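Each chain, written out:
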Amino acid sequence: MPVFNVKDFGAKGDGIASDTAAVTKTISACAEGGGGTVYFPAGRYSVGTVQLKSHIRLYLDAGAALVGSHNIQEYLPSPPFGFARHYGVDITGEGAVLGMLIAKDATDITLEGDGEIDGQSDSFMSPRTSHGGNDYDAQYVRNPEAFQAAMSTLEYGPIEPADRPGTMIVFYHCKNVHIHGITLRKAPNWTLHLQDVEDATLSGFQILNDPKVPNNDGIDCMLCRHVQISDCHIDAGDDGLAIVASEHVNVANCSLSSRSAAIRLESTQRSTFSGLTMDTNRGIAIFANGYLGQKDRPTEDVLFSNIVIRTHLIPGGWWGKAEPIYIAVQPCDASAPCEPRVRKVTFSNITAEAENGILFWGAPETPITGVELNGIRLHMVSPDPDLADSIGGNLDLRWTAIVPRDGIIKSDIPALYGKHVDGLRIRDMQIDWANTMPDYFTDGLRLEEFKDLTVDDFTGRQGATRNSAAIALKNGSGVAITNSRALSGTSTFLALDHVSDRRVFVNYDLSAATSAIKPAGKRFQTQIVAPAPRQKTP
């Protein structure tokens, strides 16, 4: 494979002079010759937008850095490349210009090496101004005045962008994309965007972004098929991985840090996420809101396994309130038929230390269906007292809320809170709490407006509020609770309010509970079977 050295085509590599023309010339020569390697020796190569071609291998040697130009005029407008503002279909980042590298209608492209691509985001931010949106109504949160002050803080961002470039690297309508070994740094917008890409392999790379910069997602994968992401490390202010309207996406052996969601998923099928660690605001987030139009398919047949999560309450305008696992479904439009939007999703072998609970928030016409939790260890910890007082005790439903008043709302916080959930299966789950928790933390498990619930081998208790329950069920039907145990300090183990249909409660250990079962409302009946007494050994 022929090698084309950018310095042979006039690149300076001094980090000052513009090398956009020289790098473009090198890529053109390589493409015209049938493909090969575009080689960057050690140096800092300042560029605006550069277009990649088919059969190109961009290789950055150790000490080589492709750096984003400070001159916004060097970045090409995005509309001529086919980009618009249709979510998930042809949008890329914020703004109307591109970033550093763009490939469209190309195949067989590789980015690799020991060097780095640096977007120089510091040049395009206003660090003394906070960035926020009008996506909630403060009068409906728990502590409006303190909440507003915390949301506008500069300590954690997001800070306001100035006139900034678009997505740093974009592959649009491409096939056979490979990224290996390279470091992507300081993206001023989305970092790496795969749009309508088939067959991509991304491995052994890292993304190191400023956590205060808004919209600097690590990887956005939209309308993609057959994507493998492995052995990576991603630090981002916004979502670490945003997977939208894609299928056969497999992510393994990565560490993710974010002030939004570590993983954001929408309308995605037949995908797996395993061997991950997360230190983040919100851990795993699945959304369904109908914004994709005809591209909006259910998220289904997805597996999350062998994952360790640590979530924190983080102030500022970031989406999320420290939920380790989050699923939210927007109510469907009454003028159109309602279809299931999240179904058949499994979470297996998950360990989480969290400052908020798991949230499953369905809708009456489109409940969350067929979710399984297997082998979950959830340790609930207390947030910083100032953050608990200012932003704690709220549900953050932005992106699926129809009106701002529903964007962030005051609520008690169970360790797992589910509403409009059908066919939930919970097996081998343990919930424990720190000794001192804010008083807005309530039940261990709380399910409302549910159908067909199975709880097997559950161990737990309520949070800070003594009149809460380890398991609280309201307005539902079809329950089986087996092989479960109350932890020390449990007040009521099971509270039932308007729960009907067949139920079984067998093989339990409630010796640590003050009250075993607390019925309320109508239609309360249950079969209770204690463990059989042990036989004495002769």
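Preceding this paragraph is the structure being described.
Rules and cut-offs
Residue numbers restart at each chain and count upward from 1, following the sequence in its written direction. Only residues with pLDDT of at least 70 are given local features in this predicted model, and only at 80 or more are side-chain atom pairs given and counted; all residues enter the totals for whole chains, interfaces and linings. Just so you know, side-chain values use all the structure's heavy atoms and leave hydrogens and water out. In DSSP terms, a helix is any run of H or I states spanning at least four residues, a strand is any run of E spanning at least two, and both are numbered starting from the N terminus. When accessible area is computed with a 1.4 Å probe and restricted to protein chains, residues below 20% of their type maximum are described as buried, those above 50% as exposed, and intermediate ones as partly exposed. We call two residues in contact when some of their heavy atoms are within 4.5 Å. Method for areas: the Shrake-Rupley scheme with a 1.4 Å probe, in which residue coverage is limited to the protein chains shown. Counting rule applied: Lys, Arg positive; Asp, Glu negative; His and chain ends not counted. Positions of charges follow a simple convention, taking NZ of Lys, CZ of Arg, CG of Asp or CD of Glu. Under the convention used throughout, the expected extent of a helix is 1.5 Å for every residue step, that is, one less than its residue count. Only buried residues count toward a nonpolar core, which is a set of Ala, Val, Leu, Ile, Met, Phe, Trp, Tyr and Cys residues joined through side-chain atoms within 4.5 Å. A pair of sulfur atoms, both from cysteines and within 2.5 Å, is called a disulfide here. Whether two strands pair comes down to DSSP finding at least two bridges between them. Pairs of N or O atoms are called polar contacts if they sit within 3.5 Å, as long as, within protein, a hydrogen donor faces a hydrogen acceptor (for residues adjacent in sequence, only side-chain-to-side-chain pairs). Salt bridges are defined by distance alone: a side-chain nitrogen of Lys or Arg within 4 Å of a carboxyl oxygen of Asp or Glu. Side-chain rings of Phe, Tyr and Trp (the six-membered ring for Trp) are treated as a pair once their centres are within 6.5 Å; stacked means planes under 30 degrees apart, edge-to-face means over 60, and tilted covers the remaining angles. In our convention, an over-ring charge means Lys NZ or Arg CZ found within 6 Å of a ring centre and within 35 degrees of that ring's normal.

> Can you help me understand the overall build of the protein in this one?
Assigned secondary structure in the protein consists of three helices and 38 strands. Projecting the C-alpha coordinates of the protein onto the three principal axes gives extents of approximately 85 × 55 × 55 Å. Counting the 538 residues in the protein, one finds 57% classified as buried. For the protein, the proportion of contacts with a sequence separation of at least 24, taken over those separated by at least 6, is 68%. Carbon and sulfur atoms provide 48% of the accessible area of the protein, an area that totals close to 20400 Å². Separation between the mean location of the 47 positive side-chain charges and that of the 63 negative ones in the protein comes to 6 Å.

> Help me understand helix H1 (residues 20–32) in this model?
Its 13 residues give H1 an end-to-end C-alpha distance of 18 Å, which sits within 8% of 18 Å, the value for a rise of 1.5 Å per residue. Elements in contact with the buried residues of H1: strand S1 (3–5), strand S2 (14–18), strand S3 (36–40), strand S4 (43–47), strand S5 (50–51) and strand S6 (56–60). Residue Gly 34 follows H1 closely and has a positive phi angle near 95°.

> Could you clarify how one ought to interpret the nonpolar core in this entry?
Buried together is how nonpolar side chains tend to be arranged in soluble globular proteins. Among the nonpolar cores identified, the biggest contains 155 residues, and Phe 171, Phe 304, Phe 347, Phe 360 and Leu 473 are the most heavily contacted of them. Aside from chain neighbours lying at most four places away, what touches Phe 171 is Leu 52, Ala 103, Ile 109, Leu 111, Val 177, Ile 179, Leu 192, His 193, Leu 194, Gln 195 and Val 197. Counting residues in each nonpolar core, the second largest holds six residues, with Phe 81, Phe 83, Ile 102 and Val 170 among its members.

> Where do I start with the state of the cysteines in this structure?
A covalent bond between the sulfur atoms of two cysteines is what we call a disulfide. What the rule picks out here adds up to one disulfide. Put simply, Cys 232 and Cys 254 are joined by a disulfide, and their sulfur atoms are 2.3 Å apart. In this structure, the disulfide formed by Cys 232 and Cys 254 twists by about 120° around the S-S bond and is classed as right-handed. On the criterion of sequence distance, the pair formed by Cys 232 in strand S18 (residues 225–236) and Cys 254 in strand S20 (residues 247–266) is long-range, its members being 22 residues apart. A relative accessible area of 4% places Cys 254 in the buried class.

> Mind showing me how you'd approach the environment of Ser 515 here?
Of note, Ser 515 is situated in strand S37 (residues 515–520). Residue Ser 515 is classed as partly exposed on the basis of its relative accessible area, which comes to 25%. Remark: the alpha-carbon pair of Ser 515 and Trp 318, spanning 197 residues in sequence, is separated by 40 Å. Setting aside chain neighbours within four positions, we find Ser 515 in contact with Ser 491, Thr 492 and Phe 493.

> What am I meant to see in the pairing of strand S32 (residues 425–433) here?
Put simply, side chains in a regular strand alternate between the two faces of the sheet. In terms of strand pairing, strand S27 (residues 372–380) meets S32 through eight bridges, oriented parallel. Across the sheet, His 379 pairs through a bridge with Asp 432, a residue of S32. Summarising the sheet, S32 and strand S33 (residues 445–460) pair through five bridges and their orientation is parallel. Following the sheet pairing, Arg 427 is matched in S33 by Asp 456.

> Would you take a moment to explain the environment of Ala 11 for this structure?
Secondary-structure assignment places Ala 11 in the loop between S1 and S2. Note: C-alpha distance between Ala 11 and Ala 21 (ten residues apart in sequence) is 8.2 Å.

> Which parts of the structure should I look at to understand unusual backbone geometry?
As a rule of thumb, non-glycine residues mostly have phi less than zero, and peptide bonds are mostly trans rather than cis. A cis amide bond links Gly 157 to the next residue, Pro 158, at an omega of -5°. Phi at His 55 is positive, roughly 60°, even though this residue is not glycine. His 55 sits in the partly exposed class, given a relative accessible area of 39%. Its identity is not glycine, yet Leu 223 carries a phi of approximately 55°, on the positive side.

> Could you clarify how one ought to interpret the side chain of Thr 268 in this entry?
Inspection of the secondary structure puts Thr 268 in the loop between S20 and strand S21 (269–288). Residue Thr 268 is classed as buried on the basis of its relative accessible area, which comes to 0%. Side-chain polar atoms of Thr 268 contact the backbone oxygen of Ile 243, separated by 3.4 Å. Separated by 2.9 Å, the side chain of Thr 268 and the backbone oxygen of Glu 266 make a polar contact. Apart from the residues lying within four places of it in its own chain, the contact partners of Thr 268 are Ile 243, Val 244, Ala 245, Ser 246, Pro 298, Thr 299, Glu 300 and Val 302.

> Where do I start with the side chain of Asp 90 in this structure?
Topologically, Asp 90 is positioned in the loop between strand S7 (64–68) and strand S8 (101–104). Arg 85 provides the closest opposite charge to the buried, salt-bridge-free Asp 90, at an N-O distance of 7.6 Å. A polar side-chain atom of Asp 90 sits 2.9 Å from the main-chain amide nitrogen of His 86. Those residues in contact with Asp 90, other than ones at most four positions away along the chain, are Gly 82, Phe 83, Ala 84, Arg 85, Tyr 172 and Gln 195.

> Sorry, what's going on with the pattern of salt bridges here?
For side chains bearing opposite charge, pairing can occur when the charged atoms are close. Taken as a whole and assessed by the stated rule, the structure comprises 24 salt bridges. Each member of the salt-bridge network shares a partner with another, and the members are Asp 135, Lys 321, Asp 396 and Arg 398.

> So what exactly am I meant to see when it comes to the packing of aromatic side chains here?
Two aromatic rings are characterised by how far apart their centres lie and by the angle between their planes. For the structure shown, the criterion picks out 17 aromatic pairs. Measuring from ring centre to ring centre gives 6.4 Å for Phe 4 and Phe 9, while their planes differ by 40°; the resulting arrangement is tilted. On the basis of relative accessible area, Phe 4 is assigned to the buried category, the value being 15%. Looking at Phe 9, the relative accessible area reads 25%, which means it is partly exposed. Centroid distance Phe 273 to Phe 304: 4.9 Å. Interplanar angle 15°. Geometry classified as stacked. Placement of Phe 273 in strand S21 and of Phe 304 in strand S22 (residues 299–311) is noted, with a sequence separation of 31 residues between them. We note that Phe 273, like Phe 304, is buried. Here a set of aromatic residues connected by ring pairs shows up, and it is made of Tyr 87, Phe 287, Trp 319, Tyr 326 and Trp 399. For the cation-ring pair, Arg 264 lies above Phe 287, with the distance from its terminal atom to the ring centre recorded as 4.9 Å. Residue placement shows Arg 264 over the ring face of Trp 399; its charged tip is 4.9 Å from the ring centre.

> Help me understand the environment of Ser 203, please; the structure alone is not making it clear to me.
When you line up the elements, Ser 203 lands in strand S15 (residues 192–203). Note: C-alpha distance between Ser 203 and Gln 228 (25 residues apart in sequence) is 7.9 Å. Sequence-distant contacts of Ser 203, that is, excluding residues within four places in its chain, are made with Ile 179, His 180, Gly 181, Ser 230 and Asp 231.

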